[in-house]
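# Reading the structure
Given next are the chains, with one letter for each unit.
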Amino acid sequence: MATAKRTPKKDPTTLAQKLAIIDEAISRPSDYTDHIIIHGDPHWKQSPIYRNGLVQLTTWMAERYKGATVISTGDQTDTSGPDWDTFALMAESLKRFAKCSSEGKTYYLDGNHTQSRPKGSMSEGIKLLDGVVTAAHKPTEMTIVGKRVLFLPHLDWDYASMRAYDELEGEYDLVVLHATPGWAVPSMADAVYLPKI
């Protein structure tokens, strides 16, 4: 016995209507001065399609969450030596986050894709951007919008030093790290557990 296929119900809201709803939400006055947004690993690339999406995401985040402070979890690009166009877009996104923050700052945690043994860490260049605060090379504690934040950067594939993160002790409002949570994938070389935090 043959069964007839059902046609899925279509959303009656058009794309234009959906975009108008988003635009209206963005245009409302917002005050996120006591908020932190985690912006994970954008991986800016040369591909125009990928770049356009990240430009739109950056614009939306900065406008929608005015006053919020953005923390990037690293890997702004896929390489420590991106082409200049990619670097410029990445730098502009970080500066835009800083400009829209009530603190006038945005924070960058060093990741594994932005480090090079011969060239060093991209964080050395990123920290020169207006309003960008970097956390690289070692555990770093900062106070952001009144919250105690611990940054644990990737340490250039020095897994023994990264495993030493498990010996750190303290109470924090937020811990931001660029490593693999040990409870999720214990077999990874950069797996950490942070049992004393």
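The preceding data block contains the structure.
Residues numbered from 1 in each chain as written. Predicted model: local features only at pLDDT ≥ 70, side-chain atom pairs only at ≥ 80, totals over all residues. Heavy atoms only, no water.

We now examine the pattern of salt bridges. Considering all chains together, one arrives at 4 salt bridges under this definition. R51 is the partner of D83 in a salt bridge, and the nearest nitrogen-oxygen pair spans 3.0 Å. Here R51 lies in helix α2 (residues 48-64) and D83 lies in the loop between β2 (69-72) and α3 (84-100), a separation of 32 residues in the sequence. Classification of R51 as buried rests on a relative accessible area of 13%. (Salt bridge = Lys/Arg side-chain N within 4 Å of Asp/Glu carboxyl O. Helix = DSSP H or I, 4+ residues; strand = E, 2+ residues; numbered from the N terminus. Buried < 20%, exposed > 50% of the residue type's maximum accessible area, 1.4 Å probe, protein only.)

What follows covers the pairing of strand β1 (residues 36-39). The two faces of β1 differ: I37 and H39 on one face are buried, but I36 and I38 on the other face are not. The parallel pair β1 and β2 is bridged by α2, and the resulting crossover is right-handed. (Right-handed = clockwise from strand over helix to strand, strands pointing away.)

What follows is about empty space enclosed by the protein. Under the defined criterion, the tally for this structure stands at 1 cavity of 30 Å³ or more. Approximately 40 Å³ is the volume attributed to the largest cavity. Every residue lining the largest cavity is listed: M61, A62, Y65, A68, V70, F97, C100 and S101. Among the secondary structure elements, those contributing two or more residues to the lining of the largest cavity are α2 and α3. Broken down by class, the residue content of the lining of the largest cavity amounts to 7 nonpolar, 1 polar and no charged. (1 Å grid on protein atoms, 1.4 Å probe; cavity = no way out; pocket = protein on both sides within 12 Å on 5 of 7 lines; lining within 4 Å. Points joined across faces, edges and corners; volume = space filled by probe spheres on them. Nonpolar A, V, L, I, M, F, W, Y, C, P; charged D, E, K, R; others polar.)

On to the packing of α2 against α3, then. In contact at an axis separation of 9 Å, α2 and α3 are set at 10 degrees when each is read in the N-to-C sense. Judged by the angle between their axes, α2 and α3 are roughly parallel. The residues of α3 that touch α2, namely those facing R51, V55, T58, T59, M61 and A62, are D85, T86, L89, S93, R96, F97 and C100. Considering only residue class, the contact of α2 with α3 consists of 6 nonpolar, 4 polar and 3 charged. (Axes fitted to C-alpha atoms, helices over the stretch in contact; angles between N-to-C directions. Parallel < 35°, antiparallel > 145°, perpendicular 65-115°, else oblique. Contact = heavy atoms within 4.5 Å.)

Spatially, β7-β8-β9 is the arrangement adopted by the 3 strands of the open sheet, whose pairing is mixed. Whereas interior strands pair on both sides, the edge strands pair on one side only; in this sheet they are β7 (140-144) and β9 (174-177). For this sheet, the mean angle separating the axes of adjacent strands, direction not counted, is 25 degrees. Relative to β9, strand β8 (residues 147-152) is paired through 4 bridges, and the arrangement is parallel. Its bridge partner lying in β9, L152 is registered against L177. (Pairing = 2+ DSSP bridges.)

Nonpolar side chains tend to gather and get buried jointly when the protein is soluble and globular. W44, L54, F87, M90, A91, L94, Y108, M122, I126, L129 and V132 form the largest nonpolar core, which has 11 residues in total. Considering each element in turn, this core owes the most residues, 4 residues, to α3. Not counting residues within four places of it along the chain, the set of residues in contact with L129 comprises A91, L94 and K95. L109, A135, M142 and V176 belong to the second-largest nonpolar core, a separate cluster that totals 10 residues. (Core = buried A, V, L, I, M, F, W, Y, C linked by side-chain atoms within 4.5 Å.)

On the secondary structure map, S72 appears in strand β2. Of the residues examined, S72 reaches a relative accessible area of 1% and is grouped as buried. Engagement of the side chain of S72 in a polar contact is seen with the side chain of Q76, the distance being 2.6 Å. The residues contacting S72, other than those within four sequence positions of it, are H39, P42, Y107, Y108 and L109. (Polar contact = N/O pair within 3.5 Å; in protein donor to acceptor, adjacent residues only side chain to side chain.)

Between the first and last C-alpha of α2 there are 24 Å, a value that for 17 residues agrees with the 24 Å anticipated at 1.5 Å per step. Those residues of α2 lying buried are R51, L54, T58, M61, A62 and R64. (Expected span 1.5 Å × (residues − 1).)

Nothing here speaks to function; it is geometry throughout.
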